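Close look at the chain arrangement
Next come the chains, spelled out residue by residue.
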Amino acid sequence: MPDIQLTAGTVEYDDTGGDGPIVVLLHGLVHDATVWRKVLADLRTDHRVIAPTLPYGAHRRPMSRPPTPDLVNELIAEFLDRLDLTDVTLVESDCGRAQTVAARHPERLARLALVACEAFDNYPPGLPGKMIGAACRVPGGVSLLVRTLGLKPLRRLPVGIGALTKRPVPDAVVDGWLRPLRTDPAIRRDFRHYGTHVRRGELLEAAEGLRGFDRPALVVWATEDLMMPRAHGRRLAELLPQGRLVEVEDTRTLIAEDQPELLASLLREFIAEKR
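In the annotation of an unreviewed UniProt entry, the chain is listed under the name Alpha/beta hydrolase and assigned to Streptomyces pactum.

Here it is as structure tokens:
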């Protein structure tokens, strides 16, 4: 896996290479690029797909600057610049950083796809998001949270991975997500710092900024989402000048896990549309 040294630290990423349209896939909290593994395998046949592992707790190298949501926004913009990526389709699931990046740094983006993500005042999202925030504020809370999430019999509970998917995520994948937090105190420090520096108004500001993002935008939302209100998908699509909403059944937040073939098909069709 290649990596790149950015001002906030080293970021690892998957890059399929090739000459096809460029797609950058952003994941959510306590996940890494593997959350996109099925979508990436589908799209790589005719696209160049790049999936960075962001400092959300599943990253393997501690940051040189303690991460915050605002810092990650700038890190993503720097990542696009340093790799000289242009005409990018930026796709994000679960977290909401792509909204701020699109509003503040649209120059390298051709399209935006928001997939069942935190938005507006749902930040941190749902009960699991609030539990993570509480764990970050309590001494020893992150270690306890990770130990609990690591218990295989509890992974399907609606306060953990079960809130994000209708179908079990393979244990090997979840173990990979949790291993850095379980084994590296520096990763836990990064995670606590991120979780205690959430600005509640960030995504409301981003929503206002998206009104000026006059480029093709696709909003994909899960009809059975337990974390992201269904109404937020409609609101995002309506405020984006070229926004369009597609609702997906039989899935929760991580559509890339529950319905990867359908999500890949939706993205492929969206990218192929003439501007």
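We now examine the environment of Lys152. Assignment of secondary structure puts Lys152 in the loop between helix H5 (141-150) and helix H6 (171-183). The contact partners of Lys152, leaving out residues within four places of it in the chain, are Asp171 and Asp175.

Next up on the list: the pairing of strand E6 (residues 109-117). Counting buried positions along E6 gives 9 out of 9 residues, so the element sits mostly inside the fold. Two elements, strand E5 (residues 88-94) and E6, share 7 bridges in a ladder whose sense is parallel. Looking across to E6, one finds that Asp94 is bridged to Cys117. Note that the unit made of E5, helix H3 (residues 97-104) and E6 has a crossover that is right-handed. Inspection of the sheet shows E6 paired to strand E7 (residues 217-222) by 4 bridges, in the parallel sense. Following the sheet pairing, Leu112 is matched in E7 by Ala217.

This part takes up unusual backbone geometry. A cis amide bond links Tyr123 to the next residue, Pro124, at an omega of 0°. Notably, Ala116 is not glycine yet its phi reads approximately 40°, a positive angle. Of note in this structure, Asp250 is not a glycine but carries a positive phi near 60°. Within the secondary structure, Asp250 is located in the loop between strand E8 (243-248) and helix H10 (255-258).

Time to look at the side chain of Asn122. The residue Asn122 is located in the loop between E6 and helix H4 (126-137) in this model. Using a relative accessible area of 9% as the deciding quantity, one classes Asn122 as buried. A polar atom in the side chain of Asn122 sits 3.3 Å from the backbone nitrogen of Gly126. Within the structure, Asn122 has its side chain in polar contact with the backbone oxygen of Met227 (distance 2.9 Å). Among residues more than four places away in sequence, those in contact with Asn122 are Met227, Met228, Pro229 and His232.

Moving on, we come to the side chain of Asp32. Along the chain, Asp32 turns up in the loop between strand E3 (22-26) and helix H1 (37-43). The exposure class assigned to Asp32 is buried, which follows from its relative accessible area of 5%. Reaching out from Asp32, the side chain makes a polar contact with the side chain of Thr34 at a distance of 2.4 Å. With sequence-adjacent residues up to four places away left out, Asp32 is seen in contact with His27, Thr53, Ala58, Arg60, Gly176 and Trp177.

Conventions adopted
Residues numbered from 1 in each chain as written. Predicted model: local features only at pLDDT ≥ 70, side-chain atom pairs only at ≥ 80, totals over all residues. Heavy atoms only, no water. Helix = DSSP H or I, 4+ residues; strand = E, 2+ residues; numbered from the N terminus. Contact = heavy atoms within 4.5 Å. Buried < 20%, exposed > 50% of the residue type's maximum accessible area, 1.4 Å probe, protein only. Pairing = 2+ DSSP bridges. Right-handed = clockwise from strand over helix to strand, strands pointing away. Polar contact = N/O pair within 3.5 Å; in protein donor to acceptor, adjacent residues only side chain to side chain.

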